[in-house]
Amino acid sequence: MTEATLTPTKTIDERGKICPYPDVDTMTTLKKMNKGEILEVLIDYPLSVERIPRSAEKNGHKVLSVKQVDGPVHSILIEVLGNK
Amino acid sequence: MTPIVSGLLVGVLFGFALQRGRFCMNSAFRDIILGRDFTLFKALAVAILVSMIGFSIMAMTGIITLAPKPFMWGANIVGGLLFGVGMVLAGGCASGITYRTGEGMMGAVTAVLGFGIAGMMTATGILNPLLKSLQNTKVMTADDKPLTLANIAGLDLKIVMLVVAVIIIVIWALLAMRNKSAAPSYGTKAKSLGEAVFKKGWNWFPTGIVVGLIGMLAFPLSAAAGRNYPLGITGGWINIFQSLIKWQTLVEDKLKVTALNWEGAEVIGIVLGALVAAWIAGEFAIRAPEPKILLQTLVGGLLMGFGAVVSGGCNIGHILSGVPQLSIGSIVGGFSIVAGGWTMAYFMFIRPMNA
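As the structure is a prediction and not an experimental result, all values here were calculated from the model.

Glancing now at the overall build of chain A. If you tally the helices and strands in chain A, you get two helices and four strands. Counting every position in chain A, which comprises 84 residues, the buried fraction comes to 55%. Within chain A, counting contacts between residues at least 6 apart in sequence, those at least 24 apart form 63% of the total. The average position of the 12 basic charges and that of the 12 acidic charges among the side chains of chain A differ by 7 Å.

It is the rolling of a water-molecule-sized probe over the atoms that shows where space remains empty. Estimated volume of the second largest pocket: approximately 500 Å³. Mapped by element, the contributors of at least two residues to the lining of the second largest pocket are α2 (25-33), α3 (39-60), α8 (157-178) and α15 (328-354) of chain B.

Residue and element names in this part refer to chain B. This model, assessed by the stated rule, comprises ten aromatic pairs over all chains. Aromatic pair tryptophan 237 and phenylalanine 241: ring centres 6.1 Å apart, planes at 70 degrees, arrangement edge-to-face. Within this pair, tryptophan 237 and its partner phenylalanine 241 are both found in helix α11 (residues 234-252), separated by four residues, close to a single helical turn. Following the ring pairs from residue to residue traces out a cluster consisting of Phe16, Phe198 and Trp202. Between the NZ or CZ atom of lysine 69 and the centre of the ring of tyrosine 229, over which it lies, the distance is 4.4 Å.

Time to look at the packing of helix α5 (residues 94-102) of chain B against helix α12 (residues 262-280) of chain B. All names here are of chain B. Relative to each other, α5 and α12 sit at 50 degrees, their axes nearing to 6 Å. One element, α5, and the other, α12, form an angle in the oblique class. You can see that α5 and α12 cross each other, and the crossing is right-handed. The residues of α12 that touch α5, namely those facing Thr98, Tyr99, Thr101 and Gly102, are Val267, Ile270, Val271, Ala274 and Leu275. Its residues assigned to classes, the contact of α5 with α12 shows six nonpolar, three polar and no charged.

All names here are of chain A. Pairing is mixed in the open sheet, where four strands are placed in the order β1-β2-β4-β3. Looking at strand neighbours, the two that pair on one side only are β1 (10-13) and β3 (62-70), the edges of this open sheet. Between one strand axis and the next, the sheet turns by 15 degrees as a mean value, whatever way the strands run. Packed on one face of the sheet, helix α1 (residues 21-32) meets β1, β2 (38-43) and β4 (73-79) and runs near 170 degrees to β2.

Here we take up the interface of chain B and chain A. Opposite the 37 residues of chain B that make contact, chain A presents 25 residues. Across the chain B to chain A interface the summed buried area is about 2400 Å²; carbon plus sulfur atoms make up 60%. Where chain B packs against chain A, one counts four salt bridges. One salt bridge connects B:Arg287 with A:Asp44, and the closest N-O pair in it is separated by 3.7 Å. Summed over the shared surface of chain B and chain A, the result is ten residue pairs in polar contact (both at pLDDT 80 or more). Secondary-structure elements contributing two or more residues to the side of chain B that touches chain A are α2, α3, α4 (73-90), α5, α13 (291-311) and α15 of chain B. Sort the elements by how many residues they give to the side of chain B that touches chain A and α15(B) lands first, with four residues. Here the residues of the side of chain B that touches chain A are counted per class, giving 16 nonpolar, twelve polar and nine charged.

To continue, consider the side chain of B:His318. Residue and element names in this part refer to chain B. Position of histidine 318 among the secondary structure elements: in helix α14 (residues 315-320). Residue classification places histidine 318 among the buried positions, given a relative accessible area of 0%. Here serine 311 takes part through its backbone oxygen, which lies 2.9 Å from a polar atom of the side chain of histidine 318. Here histidine 318 is in contact with Lys69, Asn76, Ser311, Gly312, Gly313, Val323, Gly329, Ser330 and Gly333, once residues within four sequence places are set aside.

The next subject is the pattern of salt bridges. In the structure shown here, the tally under the stated rule is 14 salt bridges over all chains. In this structure, B:Asp31 engages A:Arg51 in a salt bridge whose closest nitrogen and oxygen atoms are separated by 2.7 Å. Note that B:Asp31 is positioned in helix α2 and A:Arg51 in helix α2 (residues 46-58), a pairing that runs across two chains. Here B:Asp31 and A:Arg51 have matching classes, each one buried. Linking B:Arg22 and B:Glu283 is a salt bridge whose minimum nitrogen-to-oxygen distance equals 2.7 Å. Residue B:Arg22 is located in the loop between α1 (3-21) and α2, and its partner B:Glu283 is located in the loop between α12 and α13; the two are separated by 261 residues in the primary sequence. There is no split in this pair, since B:Arg22 and B:Glu283 are both buried. Within the structure, one salt-bridge network assembled from shared partners comprises A:Asp23, A:Arg51, B:Arg30 and B:Asp31.

Criteria and thresholds
Residues numbered from 1 in each chain as written. Chains lettered and ligands numbered in written order. Predicted model: local features only at pLDDT ≥ 70, side-chain atom pairs only at ≥ 80, totals over all residues. Heavy atoms only, no water. Helix = DSSP H or I, 4+ residues; strand = E, 2+ residues; numbered from the N terminus. Buried < 20%, exposed > 50% of the residue type's maximum accessible area, 1.4 Å probe, protein only. Contact = heavy atoms within 4.5 Å. Lys, Arg positive; Asp, Glu negative; His and termini not counted. Charge placed at Lys NZ, Arg CZ, Asp CG, Glu CD. 1 Å grid on protein atoms, 1.4 Å probe; cavity = no way out; pocket = protein on both sides within 12 Å on 5 of 7 lines; lining within 4 Å. Points joined across faces, edges and corners; volume = space filled by probe spheres on them. Phe/Tyr/Trp six-rings, centres within 6.5 Å; stacked < 30°, edge-to-face > 60°. Lys NZ or Arg CZ within 6 Å of the ring centre and 35° of its normal. Axes fitted to C-alpha atoms, helices over the stretch in contact; angles between N-to-C directions. Parallel < 35°, antiparallel > 145°, perpendicular 65-115°, else oblique. Left-handed = near helix turned anticlockwise from the far one by under 90°. Nonpolar A, V, L, I, M, F, W, Y, C, P; charged D, E, K, R; others polar. Pairing = 2+ DSSP bridges. Buried area = accessible area lost by both parts, 1.4 Å probe. Salt bridge = Lys/Arg side-chain N within 4 Å of Asp/Glu carboxyl O. Polar contact = N/O pair within 3.5 Å; in protein donor to acceptor, adjacent residues only side chain to side chain.

In structure tokens:
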């Protein structure tokens, strides 16, 4: 799969949110998604930009990319693999 | 070096390290139960160990005089619990909301406002009677010294600190050798040292080392300014707010100290250091959560301010600076902060997530 072909199934906007809402929102959204779907997280909180990929991998999902979009805003792409 | 310059210097370094290492104790403790993530907790443990060894050696060589905080069980427990509850609502500990103010996060700014206001109300204002009655639970040694893990057993504090640190390091090293963790598959490695320091988030290990070293630098510099204690946050914010509001009174009273003291300058430095770090890394932006959350962080800050002043220290004064000196008051205060934080995190995040 090349990155150009990646279209997120769902995008959540976590910009401006405080600790640890971005993490909690990401994990609850991932839980509700189906295997193979892709979640995009838009986020500007530096701690969670590093922590969300860590916890997604821990839960068996695949982190496809972590990209800086604009200033502190990052886009994290996660492929749902940990769910049944 | 004047107290203001020396405080600013330590603060700028501390703020830079806090921002780069994303060093926040609210996260360090909460992540253990929310997601079983020990990254920041390990950074904190390294910082405490470096300080413990550093303070011990500096005390042995006469560079500093150790200054453990007194044990006031009622104040340490009640204040610590309320501080712990407050930091979860505020989305950051005392150092967390301070460095995030420098990142431009308005949720942290309202938390800091609540923290400073409630701190002043408790230190010199309407809530002071509550502080007095809670701090009336002070227990000292027979010769009126603050209780530490060393003097309750009749041992020398400097030596016990060194021994405790070495024992923890040996146990940790043995545990670490048994379970090695793999490198993550995503992300790119820094291409140069400059990029690693200024652009990328720091790993937990260098973060802990640097924070510990800054604590060691802070102790003698702060002592030279007449405040014999390492890093702190609570007293600094109170000092900044009081200087702003009561500057004229303080100057007219011809107090020996200037209105702004070492700790106040240190806290200003933290905000500046974090701002510079965030700016260089492209992580600075003025942003705000929804209004309801701004109110939540304000309330969290108010609880933190009351709790920290009653308890005689926040997570920095007690956990980062007091635990390395094995002060019973700081250890009890620290555990109470964790207990309050975990209880609140359970009801706010863990239970709703598993529902």
